[in-house]
Amino acid sequence: MRHVLSLFDLSTDEIRRVLEIAVDLKKKLDLGQRPGLLEHQVMGLLFEKPSLRTRVSFETLMQQLGGSSLFLGDDVGWGKREPLCDFMPILTSYVDVLVIRAKSHQKVVDATKFSQCPVINGLTDLSHPCQALADMLTVQELAGGLVDVSIAYLGDANNVTYSLAVICSKLKVQLRIGSPKMYQFEQSFLDELNDAAGSELITQTTDPRSAAEGAHFVYTDVWTSMGQEAESKQRLNDLADYQVNREIMALAREDAKFLHCLPARRGEEVSADVIDSPASVVVQQANNRLHAQKGLVVWLLTEAQSHFSV
Ligand code: CP
Ligand code: NVA
């Protein structure tokens, strides 16, 4: 059985196929077509952190493709009312696919061991694979493809950056991360990605200006992720030089676009005049969560299971 806890779980061809299905279903939706590809399928959403985009896009896509969804918050008692060896097999015997948003990535890995249905990571402290799929769909739409595209990412190298780095290495998109030393990735992670890609595609620097220079896209995320609230003051201070503002955008290509996974904090990681400018494509990017995840769920519940089920 296939699960998507990280983009390392998908090959490059599989990511391309997910994006291909996404593009097709996006076109169909524009034409008013909502094919019943997931008819009678039920998705569970087990969330222990808040969400707008992830929750609503998954629930909407299930409805649009003929299935349904169940949002499961705290009251189901994950890790509280009963052991995982009872909780997970029972939950996953009811639903056809389970999306989990959790504080700890390891908690999702542990839960997945007891799963009877495919599991999708809807964000953990380590990674956010669904976001990266939507990011690539957006980049592909705006750049007319992924060849010779460069993205600058400024700020904390976090869960969003992790998945972005993995997908960029798999799809051969250049990613330059501008981040203070203590907020950067371990170099060994980037070495692993670049070895797999066969070139120095993913780099990091402490200089935000050189990261932004000549980029087609400038991307950022909040400096304080969910669960890091106690470090908020320190992070504001440490990351102050990494704000995406007009000066940074002026270093990127003239037609550079601004990306953000959202939610955003205007005045912190991005200035209001950038996120609210015509260069900002954050609404398109957020809307693409719906389409990219359609690609992922349709692929996972049809092609992936029929080709690879154990
Ligand atoms: N970008 C993203 O995952 O948004 P939510 O936290 O609102 O789901
Ligand atoms: N890095 C952010 C992303 C939110 C979608 C967080 O984990 O809170």
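Coordinates for the structure precede this section.
My aim in this report is to walk through the structure given alongside it, one point at a time. Predicted model, so just to flag it, every value in this text is computed and none were measured. (Residues numbered from 1 in each chain as written. Chains lettered and ligands numbered in written order. Predicted model: local features only at pLDDT ≥ 70, side-chain atom pairs only at ≥ 80, totals over all residues. Heavy atoms only, no water.)

**Describing the pairing of strand 3 (residues 97-101)**
Turning to step 1, where the next piece is worked out: Counted residue by residue, strand 3 has five buried out of five residues, so it is predominantly covered.
Turning to step 2, where the next piece is worked out: Across the two faces of strand 3 the burial is the same, with Val97, Val99 and Arg101 and Leu98 and Ile100 all buried.
Turning to step 3, where the next piece is worked out: Sheet topology places strand 1 (residues 42-47) next to strand 3; five bridges connect them, and they run parallel. Within strand 3, the residue paired with Leu45 across the bridge is Val99.
Turning to step 4, where the next piece is worked out: Between the parallel pair strand 3 and strand 4 (residues 119-121), the chain is carried across by helix 4 (residues 105-112), and the sense of this crossover is right-handed. (Buried < 20%, exposed > 50% of the residue type's maximum accessible area, 1.4 Å probe, protein only. Helix = DSSP H or I, 4+ residues; strand = E, 2+ residues; numbered from the N terminus. Pairing = 2+ DSSP bridges. Right-handed = clockwise from strand over helix to strand, strands pointing away.)

**Things to note about the packing of helix 5 (residues 129-143) against helix 6 (residues 159-171)**
Turning to step 1, where the next piece is worked out: Contact pair helix 5 / helix 6: the axes reach a minimum separation of 8 Å and the direction vectors enclose 50°. By the criterion of interaxial angle, the relationship of helix 5 to helix 6 is oblique. Crossing handedness for the pair helix 5 and helix 6: right-handed. Residue-level contacts link Pro129, Gln131, Ala132, Leu133, Asp135 and Met136 of helix 5 to Val160, Ser163, Leu164, Ile167, Cys168 and Leu171 of helix 6.
Turning to step 2, where the next piece is worked out: A class-by-class count of the residues in the contact of helix 5 with helix 6 yields nine nonpolar, two polar and one charged. (Axes fitted to C-alpha atoms, helices over the stretch in contact; angles between N-to-C directions. Parallel < 35°, antiparallel > 145°, perpendicular 65-115°, else oblique. Left-handed = near helix turned anticlockwise from the far one by under 90°. Contact = heavy atoms within 4.5 Å. Nonpolar A, V, L, I, M, F, W, Y, C, P; charged D, E, K, R; others polar.)

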